[in-house]
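Working through the structure, step by step
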Amino acid sequence: MKLKKLNSPFLISLILLFTGFISCKKESTIATQIKSNPHYQQHFLRAEKHFENQVYDSAFYYYNESKLVCNEGTDTEKIIYSLLKMAVIQQIQGDYMSSETTATEAISLFQKTTNRYYKCAVYNILGINYERLYDYDNAILYYNKALNQIPDESQKTILTNNIAVAYIGKNDYKSALQLLLPLTLHTNISNDEENNARVLDNLGYCYFKMGDARSLHYLNTALIIRKKIKDDFGITTSYLNIAEFYKKPNPVLSYKYAQLAYEKATKINNVDDRLKAIALLIRNSVGKETKKFSILHLHINDSINKARQKAKNQFAKIKYDSKKDKNENLELKTQKIENALLLEKQKNRNLILSFVIVFTLIISISAANFLMAKNRREKVKISYTTEIRISKKLHDELANDVYQTMAFAETQDLSTAQNKEVLLTSLDTIYSRTRNISRENSTIEAGALFETSLKEMMSGFQTNEINILTNGMDTIQWNAINSTKKITLYRVVQELLVNMKKHSQCSLVVLTFKKNKNKLQVDYTDNGIGATLEELTSTNGLQNVENRIHAIKGTLNFDSKSNKGFRVRFIFPI
């Protein structure tokens, strides 16, 4: 069980953020910055108020509005600040992938003159996001970037502790110790009881994982300090770590500390730590208690996933609606100016010409309304199709697993170690499936990071049994391909890999990318069991692949024989 040692990662990012904000005020106060733009002032002040009151959906909306009314050429730091706060809100709500996207958008606006505290905050947010997504190498990379931007020693110690946590996450305890031991001697740490307890707790956890007898001393010392300063978040973490320490040598004590962790996490509404505590209680309980805790774990996990998905959809809709409104306002303003010029030119012309102009305008407006209505209907249809697909995936892949797990918990003797392990494995599978469904329906990066995003998606299908190889990706000029075609390519490859995972039983997949004049050719090959023509035509996923390719005026050829593998070649103009 890998524990996050950050007492509150969101709080750490906000500390850095507000420090940068204060630093900016030394040169130019917020009042001076916003006087020149009353619309920005109105949205910004509302956003700050809602954020302070923890009304995050409204805060997100007004930060997004304040960003949209800014000029990218002159108001870059205002936009970066709004993006920072939006990324923090998404992070608080557990939508780490969207937070990563928003923070990356802020990075694209960085200049040499950009305030380094802003840069530090963005990199720190990305580090936390990657850590929560278990991508510890990227977490360490961005924590170090943040560290290089900050001159303040006290904040450097916080970031150094964050880096040590990431090393703990990837089980590199020696590297973590090399960072943590010097921190225990640092005056900024020793004079700050909260940070001191955090470092000592991390140090104790490292020693525990390395089998060092000093572990319990550091864990207990951290707990004493946290109780003294009434650090509830930290106390919960200490209880969890000590419970894990006693898991093998003293299951009774392990159960006791897990129970204390659960009670404290419930009191402060820390759902992630509640789940960790319940998992420990499942391991150390017997009979009916094990069943009770298992059902509770399922219920809480389901509630978390629903809440985070709801927040993610809400934030995405806010962004979409705001951008749409802005574009419509610009179109209306442009059209108004054009109409005024036309009327001025036609004042001295005869009645017939005026009639022709009026008639033309009516036809143009009618056509525009027709096209806009058609576009709205198509968007509703796409949204409806997506909802049906997600619903079917939840029913087919997740509901059955949940039902089977509940049935297992009700019918099996959970006091045995074997049955407990089966139950925990089932719970982990359900969590992984849920996270995969979320990723499949997340926003696709179609900009400069498209190639990296595509590689990360493909690597998610690679296992110990399935090896995925690519050829020629680095030779394609992805920036020259428009976003719609890149998104289609991403979804087609995803559909093929999902189909492979479900049906092919293969051990090797090869994807070859080749530019042929003004067209892109992609060859997919696996060494699986293949399929008959009837099986190909009955597979919804492959039908989706064909429809997507035809939609961008491409061609597609399937080549599959039973027990001889599966091949697909699709070509589309770029």
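These numbers were taken from a predicted model, which means no experiment stands behind them. Just so you know, the residues in each chain are numbered from 1, in the order the chain's sequence is written. Residue-level local features of this predicted model are given only where pLDDT is at least 70; pairs of side-chain atoms are given and counted only at 80 or more, and the full residue set underlies all totals for whole chains, interfaces and linings. Side-chain calculation: all heavy atoms of the structure are included, whereas hydrogens and water are not.

A separate point is the overall build of the protein. A tally of regular secondary structure across the protein gives 23 helices and five strands. When a residue's accessible area, from a 1.4 Å probe over protein chains only, is under 20% of the maximum for its type it is buried; when over 50% it is exposed; and in between it is partly exposed. When burial is assessed residue by residue, the protein has 45% of its 574 residues classed as buried. Look at the contacts in the protein between residues 6 or more apart in sequence, and 64% of them connect residues 24 or more apart. Only the protein chains shown count as cover for residues, with accessible areas throughout obtained via the Shrake-Rupley method and a probe of 1.4 Å. If you sum the accessible surface of the protein, you get close to 30,700 Å²; carbon and sulfur atoms cover 53% of it. A run of DSSP states H or I qualifies as a helix once it reaches four residues; a run of E qualifies as a strand once it reaches two. Both are numbered from the N-terminal end. Contact definition: two residues touch when any of their heavy atoms are within 4.5 Å.

Looking now at the environment of Tyr-262. Among the structural elements, Tyr-262 can be located in helix 15 (residues 251–267). Sequence spacing of Tyr-262 and Tyr-239 is 23 residues, and the spatial spacing of their C-alpha atoms is 8.9 Å.

The subject of this paragraph is a nonpolar patch on the surface. Residues with no salt bridge and a relative accessible area higher than 30% make up the patches, which join like charges within 9 Å and nonpolar side chains (Val, Leu, Ile, Met, Phe, Trp, Tyr) within 5 Å. Salt-bridge detection follows one rule: a side-chain nitrogen of Lys or Arg within 4 Å of a carboxyl oxygen of Asp or Glu. A cluster of nonpolar residues, Ile-352, Phe-355, Val-356, Phe-359 and Ile-363, forms a patch on the protein surface that exposes about 540 Å² of accessible area. Within the secondary structure, Val-356 is located in helix 18 (residues 351–411). The class of Val-356 is partly exposed, set by a relative accessible area of 41%.

Think of two packed helices as two axes; the pair is described by the angle between the axes and how far apart they sit. Viewed as axis vectors pointing N to C, helix 9 (residues 153–169) and helix 10 (residues 173–184) meet at an angle of 160°, and their least axial separation amounts to 8 Å. Taken as axis vectors, helix 9 and helix 10 run roughly antiparallel relative to one another. In terms of crossing hand, the pair formed by helix 9 and helix 10 is left-handed. Touching Thr-157, Thr-160, Asn-161, Ile-163, Ala-164, Tyr-167 and Ile-168 of helix 9 are Tyr-173, Ser-175, Ala-176, Leu-179, Leu-180 and Leu-183, all from helix 10. Each residue is assigned to one class: nonpolar for Ala, Val, Leu, Ile, Met, Phe, Trp, Tyr, Cys and Pro, charged for Asp, Glu, Lys and Arg, and polar for all the others, Gly among them. Classifying every residue of the contact of helix 9 with helix 10 gives nine nonpolar, four polar and no charged. Axis lines are fitted to C-alpha atoms, over the contacting stretch for helices. Their N-to-C directions set the angle, which ranges from 0 to 180 degrees. What sets the label is the angle itself: under 35 degrees gives roughly parallel, over 145 gives roughly antiparallel, 65 to 115 gives roughly perpendicular, and the rest give oblique. In this scheme the crossing of two helices becomes right-handed for a clockwise turn of the near helix relative to the far one and left-handed for an anticlockwise turn of less than a right angle.

This next bit is on the pairing of strand 5 (residues 566–573). Two faces belong to every sheet, and in a regular strand the side chains alternate between them. Residue alternation in strand 5 divides its side chains into a buried set, Phe-566, Val-568, Phe-570 and Phe-572, and an unburied set, Arg-567, Arg-569, Ile-571 and Pro-573. In this scheme, strands are said to pair when DSSP sees at least two bridges between them. As paired elements, strand 3 (residues 519–526) and strand 5 share eight bridges and run antiparallel to each other. Note that in strand 5 the partner of Val-522 across the bridge is Phe-570.

Any Phe, Tyr or Trp ring, taking Trp's six-membered ring, that has another such ring centre within 6.5 Å forms a pair; planes under 30 degrees apart are called stacked, those over 60 apart edge-to-face, and the others tilted. Taken as a whole, this structure holds 21 aromatic pairs when the rule is applied. Here the aromatic cluster, defined as three or more aromatic residues joined through ring pairs, consists of Tyr-205, Phe-208, Tyr-239, Phe-245, Tyr-246 and Tyr-257. Our definition puts a charge over a ring when NZ of Lys or CZ of Arg is within 6 Å of the ring centre and also within 35 degrees of the ring normal. Lying across the ring of Tyr-40, Lys-78 places its NZ or CZ 4.9 Å from the centre. Between Lys-85 and the ring centre of Phe-51, over which it is positioned, the NZ or CZ distance is 4.2 Å.

Our next topic: the packing of helix 20 (residues 450–459) against helix 21 (residues 483–504). As a packed pair, helix 20 and helix 21 sit with axes 10 Å apart at the nearest point and diverge in direction by 10°. In this view, helix 20 runs roughly parallel relative to helix 21, as classed from their interaxial angle. Across the interface between the two elements, Phe-450, Ser-453, Leu-454, Met-457 and Met-458 of helix 20 pack against Lys-486, Leu-489, Tyr-490, Val-493, Gln-494 and Leu-497 of helix 21.

Right, let's get into the pattern of salt bridges. Applying the stated criterion across every chain yields a total of 15 salt bridges. Residue Lys-78 is joined to Asp-75 by a salt bridge in which the shortest nitrogen-to-oxygen separation is 3.7 Å. The buried category is assigned to Lys-78, whose relative accessible area is 9%. By relative accessible area, which is 13% here, Asp-75 ends up buried. With its nearest N and O atoms 3.4 Å apart, the salt bridge here joins Glu-194 to Arg-198. Placement of both Glu-194 and Arg-198 in helix 12 (residues 193–210) is noted, with a separation of four residues, approximately one turn of the helix. On the basis of relative accessible area, Arg-198 is assigned to the buried category, the value being 4%. Ionic contacts of the salt-bridge type, sharing partners, join the residues Glu-451, Lys-455 and Asp-474 into one network.

This next bit is on the confidence of the model for the protein. Per-residue confidence from the prediction method is given by pLDDT, with values spanning 0 to 100. Looking at the protein, the pLDDT average stands at 80 and 76% of residues meet or exceed 70. Taking the mean pLDDT of every element in the protein, the minimum, 44, falls on helix 1 (residues 9–27) and the maximum, 95, on strand 3. The low-confidence segment residues 1–7 (pLDDT under 50) makes 38 contacts with residues lying over four places distant or belonging to another chain. Segment residues 9–32 is flagged for pLDDT under 50; beyond a separation of four residues in sequence, or across chains, it makes 49 contacts in the model.

This part takes up the sheet that holds strand 1 (residues 467–471). If you walk across this open sheet you meet the five strands as 1-2-3-5-4, and the pairing is mixed. If you trace the sheet from one side to the other, it starts and ends with strand 1 and strand 4 (555–560), each paired once. Across this sheet, the average inter-strand angle for adjacent strands is 10°, counted without regard to direction.

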